[in-house]
Structure formats: C-alpha cells, structure tokens
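For reference, the chains in residue letters:
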Amino acid sequence: MPLSLWIVCAVYFALRRDAVWLGLAAGLAIATKATAFLFLPPLLLAAGVRRRREIAWIAGGVLLLNAPQFARNIRLSGSALGYDSAQGDGRFRWRNEHPGWRSLASNAVRNISEQLGSRSAAWNQAVYGAALGVHRALWLDPDDPAATWPGAHFDPPRNANHEANANNRWHLALFAAAAVWAAVRRERRMAAWAAGLAGGFLLFCLYLKWQPFLGRLELPLFVAAVPLGAWLADRWRPACFAAALALFLLSGARLPLVDNWTRPLTGPRSLWHSRRDDDYFRDMGQWHNQASYMEAVDRLAGAHCLLVGIDISENQLEYPFQALLRERTPAVRFFHAGVSGAPPPAAPCAVLCPDCIGSQEKIGLYRRVGAPAEIGRFLLFQPGGEGRAGR
C-alpha cells in the first residue's frame, strides 16, 4: 500500500508540473519497493512527463533518497539493486531467466487469470482452461521454470480472502471497459492513461517470474487505475448507476476484510478477541514453530541480551522473534549474521539461526558466541546454552 501512495503522489505532482515534489515522490516510491522501477516510467510518461527539467528532478529525487542504500547494495552485492535472488544464491531469482515475448505472454495470461477467481468452481476451471488454451496456441509451457517461481505450479484461480492473493476481478472488468470506451470515443487523455497502466503491467510481466501470490504486487496499478473507472462511471446516467456500482465494489471488500483466514474481524479467531502474540503466527501455521520462537524469546529475555544476531539463510521469518523480544526487552538491537562481506558488530551476546538444526557449518560459525541450544528446528547460540532441553 505505501508504494501505491507514492505512485499516486508522483502522478499528482506530474500533472501539476511540480517537478521538485515529483522528484521526491518518485524517490520515495523507489525506496519503498523495487516494482516502482517497472510501474513509474509508463505512468509518468502517460501523465506527460517529458521535459528535461522534470526528468532531472526525478533522477535527483531518486538519488537523494536512495544513494546511500544503492552504495550499500553495491558494496555488498556488486549491484545498486542488491542481490537478484531472495537469498543471494541465485536459486530464488525474481527476474525471468529469458525475458522476451514468450515469458511476457505467459506471465500476462497467468497474472490476469489470477485476478479472475470467483466462488464458482466451474467459472474458475473455465478461466484456467482458457489460460491453458492460450498457452497451447502459442506453444508455451504454463509451468516454464525460466518464467515461474521455483516450486510454484499454475492452477485454477481462487476467490481467496487472504491478503496475498485476494483478487480484483470486478475492478479489472471496470477498468478494461473504461479503456475500451476511451479508445472508441477517442478520449485521448484517458486512452493515454490506460496505455500507461497497460505498459506498467507488461513491464511487470516481462521482468518478474510468475508466482501464485504475485497479484498483491499489482495493487499500485489498480489504485492508479481508479480515475479511469471513475471517468467511465461519471458518464453513466442516471447518477444512481454510479452509486450502485460504488456499493457493489464496496461489498466485494466485505469478505476479505471481515472473514479473511489470517486476521478476521468476525468469528472465534477475531482480532477483537485474540492475543497479539498469537496473531504474529496466523500466517505461519504450516511450519508449526511458534513454540520455538516463544522459547527463544524466553531464554534471551531472561539473559538480558541486548545485541542479537539472526541468521536467516534457512528461514527468513524473523519478524515474530524481533517483535516478541522487543516487547520483553525494548533496548535489544538486531543484526543479520552470516552475511558474506558484511562484518558483524562486535561481541553479540546471542545468535538465533531458525531451521539450522544439524548444520555443522552454522555450529562452527557461531560457536565463538556460545554453545548451541536446540529449540525445535532452531539453534540458539549463547554462552552456556548447550545442554538445555528445547521444546
């Protein structure tokens, strides 16, 4: 959502021809999420950004707010954007291995189909069949490993209430209808905006591998498309049609808001009744490791350890540990341990390595901190830690 905010701000200042604030908004968008590199250029072009002064301010704003991070990334990985894979080992690489029309077409079809899920299994299967038909017609593999996230498989869409893959099918239909109407009526400004949105989506498909939960990253495009849908609704007469459309779209947000399966507002697991400490693990139940996090926190809180390293090479879910430990020890500070080329701070009093059980490499790397205690599949290194039974 923050990226949507900064993209909207950048477009607003572009339309106002306020180059200074445009540059700062663009810099904040880049600092928020790297998909801004894909979405901003076509949107700003559609908004009329062509003057050298505006382009110079955009470059200045991006560098002003991001140059220190770019420099750090270059020192660590050799690239201003950082590593090209989730763990820096080249396995979970975000970009398509062979960008071109094949990956573009396949990813576009799959991403669109993910936005079309409904409560009807027959409808979802029909959408899936149509997507597979397009792939067959173009001689494409819907699970091409060069354009698909490792371990992912293309399946029929779902009408999920989860924040990661809740779809926007009715909004997509509205915006597509508005784009067609703008082209038919030769509304140049709206047609240009529709082209900018389409350009951002195509760059997104061209660069990023498809994965089942990629729809959440498309939210900035849906937010940016709101003026297009509002423009079409404004032309409906009588005005009650536009009001009915607004209520219909609002109703579509009801289930994802009040009955999602991670943080619902109704039912026995409602946020109104649950403990915040348990809520951290709502979306992590498949790993069955809440007890390991809680015990690691108990041990470190009791030891009054104020500088803790976290090795996330095997498990990147560090936030619950950080949040829970800071509740108990607000002064604690964290750093990422085991990062190649980045010397650790002096004398950490503990290192947590989730899912590192049995790793002799990690045991040898952190033994200087302390003997390892086994906590489920976690290893906690701290002075005097060995031999205490884990859960």
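One can find the structure itself at the top, above this paragraph.
Residues numbered from 1 in each chain as written. Predicted model: local features only at pLDDT ≥ 70, side-chain atom pairs only at ≥ 80, totals over all residues. Heavy atoms only, no water.

Visitor: Account for the sheet that holds strand E1 (residues 307–310), naming residues and giving values.
Guide: As a general point, the strands of a sheet are linked pairwise by backbone hydrogen bonds and lie either parallel or antiparallel. On the basis of which strands lie adjacent, the open sheet formed by five strands has the order E2-E1-E3-E5-E4 and mixed pairing. Strand pairing shows two members of the sheet lacking a second neighbour, strand E2 (333–336) and strand E4 (372–375), which therefore form its edges. Between one strand axis and the next, the sheet turns by 25 degrees as a mean value, whatever way the strands run. Pairing geometry for E1 and strand E3 (residues 350–353), over three bridges, is parallel. Among the inter-strand pairings, Val308 is bridged to a residue of E3, identified as Ala350. Packed onto the sheet, helix H15 (residues 319–328) meets E1, E2 and E3 and runs at close to 160 degrees relative to E2. (Pairing = 2+ DSSP bridges. Helix = DSSP H or I, 4+ residues; strand = E, 2+ residues; numbered from the N terminus. Axes fitted to C-alpha atoms, helices over the stretch in contact; angles between N-to-C directions. Contact = heavy atoms within 4.5 Å.)

Visitor: Residues and numbers for a nonpolar patch on the surface, please.
Guide: Among the surface-exposed residues, Val20, Trp21 and Trp57 lie close enough to one another that they form a single nonpolar patch of about 290 Å² accessible area. You can see Trp57 is positioned in helix H4 (residues 52–77). (Patch = residues over 30% accessible without salt bridge, like charges linked within 9 Å, V, L, I, M, F, W, Y side chains within 5 Å. Areas by Shrake-Rupley, 256 points an atom, 1.4 Å probe, with all protein chains shown as cover. Salt bridge = Lys/Arg side-chain N within 4 Å of Asp/Glu carboxyl O.)

Visitor: Tell me about the pairing of E1, residues and numbers included.
Guide: Where E1 lies against E2, four bridges are found, and the strand directions are parallel. Bridging from a neighbouring strand, Val308 pairs with Phe334 of E2. Once the chain exits E1 it traverses H15 before rejoining the sheet at E2, and the crossover so formed is right-handed. (Right-handed = clockwise from strand over helix to strand, strands pointing away.)

Visitor: Just give me the short version of the pattern of salt bridges, but keep the residues and values in it.
Guide: In this structure the tally under the stated criterion is 13 salt bridges. Lys209 is the salt-bridge partner of Glu97, the closest N and O atoms lying 2.8 Å from each other. Of the two residues, Glu97 sits in the loop between H4 and helix H5 (101–114) while Lys209 sits in the loop between helix H8 (188–207) and helix H9 (219–224), which places them 112 residues apart along the sequence. Assessed through its relative accessible area of 25%, Glu97 is described here as partly exposed. Here Asp311 makes a salt bridge to Lys362, at a shortest N to O gap of 3.0 Å. (Buried < 20%, exposed > 50% of the residue type's maximum accessible area, 1.4 Å probe, protein only.)

Visitor: Break down the state of the cysteines for me, citing the residues and quoting the values.
Guide: In this structure the tally under the stated criterion is two disulfides. Residue pairing for Cys305: its cysteine sulfur links by disulfide to Cys349, the two sulfurs lying 1.8 Å apart. Around the S-S axis, the bridge from Cys305 to Cys349 shows a dihedral of about 95 degrees and counts as right-handed. Of the two residues, Cys305 is situated in the loop between helix H14 (290–303) and E1 and Cys349 in the loop between E2 and E3; the sequence distance between them amounts to 44 residues. We classify Cys349 as partly exposed; its relative accessible area is 25%. For Cys353, the disulfide goes to Cys356, at an S-S distance of 1.9 Å. (Disulfide = S-S within 2.5 Å.)

Visitor: I'd like to hear about the side chain of Arg93, residue by residue, with values.
Guide: Inspection of the secondary structure assignment puts Arg93 in the loop between H4 and H5. By relative accessible area, which is 18% here, Arg93 ends up buried. Engagement of the side chain of Arg93 in a polar contact is seen with the side chain of Glu97, the distance being 3.1 Å. Beyond its immediate sequence surroundings of up to four residues, Arg93 is in contact with Asp84, Ser85, Trp149 and Lys209. (Polar contact = N/O pair within 3.5 Å; in protein donor to acceptor, adjacent residues only side chain to side chain.)

Visitor: Which residues make up H14, and what values go with them?
Guide: Between its terminal C-alpha atoms H14 stretches 20 Å, which fits the 20 Å expected from 14 residues at 1.5 Å a residue. Taken together, the buried positions of H14 are Ser292, Tyr293, Glu295, Ala296, Val297, Arg299, Leu300 and Ala301. Looking at the buried side of H14, the elements it contacts are E1, H15, E3, E4 and strand E5 (378–381). Downstream of H14 by a residue or two, His304 has a phi angle that is positive, lying close to 55 degrees. (Expected span 1.5 Å × (residues − 1).)

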